[in-house]
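Each chain, written out:
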Amino acid sequence: MRKLTPFDTSAQTAPRIVTARTIHTVDAEGSTATAMLIDRGRILAIGDLAACEQAAKGVGLTPEHLDLGEAVVVPGFVDAHAHPLMFGQMMSWVDCGPEKAGSIPEIVALLREAAERTPAGRPVRGYGYEQRNLAERRHPTRFELDEVATDREVYLMNASGHGGVVNSYTLDANGVTRDTPNPEGGEFFRDADGELTGELSDAACNILTGLHGVKIGHHGPNFHLADEPEEHLRQLDAATQRFLAGGVTSIGDCQVTRREFDMYLRLAEAGRLDVRVSMYLLSHLLDEALEMGLVGQFGNAFLSFAGIKFYADGTLGGWTAYFPDGYVGDPCRTGQLYHEPAAYAELIRKAHAAGLQTATHAQSPTAIEMVVSAIEAALAERPDADARHRIEHCGLPTPEQIGRMAAAGIRPVNQTQHYFNWGEGVEQAIGTPGERFNPLGEFERAGVGYTISSDAPVAEPIPLEAIQTAVTRVTRRGHRLGPDDLRISATSALRAHTIEGAISLGREDDLGSLEVGKHADFAVLSADPLAVAAEDISSIVVRETWVDGELRHRAA
């Protein structure tokens, strides 16, 4: 049997005073300091060196002194919406993102090179392309992926994670023909002549993930392809190190099934869970969670259960978010809802009645309306001024919906790197309303508490890039998305990726800011994100990342 591993015990063995040019506490007053005293993973004092030395003397400590010189310290970044195991899995695939390939022939070349060094029969998998960023402005086809290999599976995942393209071998091996009906909640795409193009979305990915993957009955996409447990463990370990490299110390895993939970337990048992994880169980597990009595946050300082994850619709990047009148870029596509509104409202009612926080993926105004209405109904039945129900991504809420979100205490969890990487594509998909994608400025003016996160692997967990994009709304291709009043200040953006993230996770009492009594989780930066030019924020280097008072990452 597995022994109890008390992995929330602090690894810090000696008290320490840390000094730096500036320490941004991100407390309610926006205070700065130059020194903090930490012991056993907690902050005992913060201010200047003399105050911290006096505090240490007062409790009988003789701390060591770590001087970080001209560096700037901020709280460890909170990535409140990510998929760490999937991110780790993608790291072993071929990166076909915009920095690696700008055209379909370049993608094919990358995949062919991988095929040549992959043992016979092993699949070739790539990720990261966004069709509107390619020179051809379209998805590759199965015939183009046939140039990579015809004797094995080739799968190129779209940047959205909700589908992609496969080669002819993959379709043939799974018996998919032009006459195969689309599964509920997914599509095998066809050209004007009815021929399969190789593109597939959401539930059609069952041919890759298996029958327990993407399904309406499982309440949303489960994207992960199965690997051996030891391989999954290696993937999660590798992903953890990438989060730490970005200065991330706490994560909200927004799609947890038995597979992810098991991997976290194994990582913790091996002493390698170096970031804090709050888990959101996929919604088909709601009844099981209630049967087990999981009716509130449960766990320890490093691994905890936070709530339930739902899906209202698909993704804007993959054109599966629900627009009933069709997409401007393709009027025949409408996307999908994952639930009938009444059925969804009943699920939210059941979770809320038990005291559970919910986090629902919703992008289109129609999907967001379904979520807001369901939460309002649940709150009317059982009032709770601090329920903190979340809307994940919350791409295109109407101004009226934003006002109702403020009244209901609903928290949007946004990903500014989505529009950094493919913001122009939203305009192409739905027209000029796409300029409002992730309207952080509107949230702020309405008094809605909003959070910035990565959605890794949809974007790299690079908080400073996300913060810069929130401040500038300038995309990777240099296009400014929407009017200036959608932008927010660097101070607000830093808060959105630290203390606001902690609030969204229900962890603000011990995470998200550098205050006495909280965990000593912080990032050491080469420059001050609140002082440099907005367009230079993402160039700042994360020199070190500390968790629980101990160094967990140092830049090369």
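Remember, predicted model here, so these are calculated numbers, not experimental data.

Asker: Go over the environment of Arg272 with me, naming the residues and quoting the values.
Answerer: Looking at the element boundaries, Arg272 is found in the loop between helix 8 (258-269) and strand 14 (276-282). Its relative accessible area of 29% is what places Arg272 among the partly exposed residues. Distance from Arg272 to Thr22, taken between C-alpha atoms, is 30 Å for residues 250 residues apart in sequence.

Asker: Tell me what's going on with unusual backbone geometry, and back it up with residues and numbers.
Answerer: Residues Ala456 and Pro457 are joined by a peptide bond in cis, for which omega reads 15°. Positionally, Pro457 belongs in the loop between strand 20 (451-452) and helix 15 (463-472). With phi around 55°, Arg137 is a residue other than glycine that occupies positive phi space. Residue position: Arg137 is located in the loop between strand 8 (124-129) and helix 4 (142-145). Notably, Arg473 is not glycine yet its phi reads approximately 55°, a positive angle.

Asker: Any chance you could break down the environment of Val72 for me, citing the residues and the numbers?
Answerer: As for its position among the elements, Val72 is in strand 5 (residues 72-75). Setting aside residues no more than four positions away along its own chain, Val72 makes contact with Arg21, Thr22, His24, Ala523, Val524, Leu525, Ala527 and Asp528.

Asker: Mind laying out the pattern of salt bridges, listing which residues take part and the relevant values?
Answerer: According to the stated counting rule, one finds 41 salt bridges in the structure shown. Glu392 is the partner of Arg390 in a salt bridge, and the nearest nitrogen-oxygen pair spans 2.8 Å. The buried category is assigned to Arg390, whose relative accessible area is 0%. By relative accessible area, which is 0% here, Glu392 ends up buried. For Arg436, the salt bridge goes to Glu442, with nearest N and O atoms at 2.9 Å. If you follow the salt bridges from partner to partner, you end up with Glu369, Glu376, Glu400 and Arg404 in one network.

Asker: So what's going on with the sheet that holds strand 8? Which residues, and what values?
Answerer: Reading across from one edge, 7-8-9-10-12-11 is the order of the six strands in this open sheet, with mixed pairing throughout. The open sheet has two edge strands with one neighbour each: strand 7 (94-95) and strand 11 (186-190). With three bridges connecting them, strand 10 (residues 163-166) and strand 12 (residues 196-202) associate as antiparallel partners. Counted as the bridge partner of Gly164 is Leu200 from strand 12.

Asker: Break down the packing of aromatic side chains for me, citing the residues and quoting the values.
Answerer: Per the stated rule, a full pass over the model turns up nine aromatic pairs. Centre to centre, the rings of Phe310 and Tyr344 are 6.0 Å apart; their planes meet at 85°, and the pair counts as edge-to-face. Taken together, the positions of Phe310 in strand 16 (residues 303-311) and Tyr344 in helix 10 (residues 341-353) put the pair 34 residues apart, joining distant regions of the chain. With a relative accessible area of 0%, Phe310 lands in the buried category. Here Phe522 and Trp546 contribute two aromatic rings whose centre-to-centre distance is 5.4 Å and whose plane-to-plane angle is 10°, an arrangement assigned as stacked.

Asker: Break down the packing of helix 7 (residues 229-245) against helix 8 for me, with residues and values.
Answerer: Put simply, helix 7 and helix 8 touch, their axes get as near as 10 Å, and they point 75° apart. Comparing their axes, helix 8 and helix 7 come out roughly perpendicular. The segment helix 7 lies against helix 8, with Pro229, Glu230, His232, Leu233, Leu236, Asp237 and Thr240 engaging Arg259, Met263, Tyr264, Arg266 and Leu267. Class assignment of the residues belonging to the contact of helix 7 with helix 8 gives a composition of six nonpolar, two polar and four charged.

About the criteria used
- Residues numbered from 1 in each chain as written.
- Predicted model: local features only at pLDDT ≥ 70, side-chain atom pairs only at ≥ 80, totals over all residues.
- Heavy atoms only, no water.
- Helix = DSSP H or I, 4+ residues; strand = E, 2+ residues; numbered from the N terminus.
- Buried < 20%, exposed > 50% of the residue type's maximum accessible area, 1.4 Å probe, protein only.
- Contact = heavy atoms within 4.5 Å.
- Salt bridge = Lys/Arg side-chain N within 4 Å of Asp/Glu carboxyl O.
- Pairing = 2+ DSSP bridges.
- Phe/Tyr/Trp six-rings, centres within 6.5 Å; stacked < 30°, edge-to-face > 60°.
- Axes fitted to C-alpha atoms, helices over the stretch in contact; angles between N-to-C directions.
- Parallel < 35°, antiparallel > 145°, perpendicular 65-115°, else oblique.
- Nonpolar A, V, L, I, M, F, W, Y, C, P; charged D, E, K, R; others polar.

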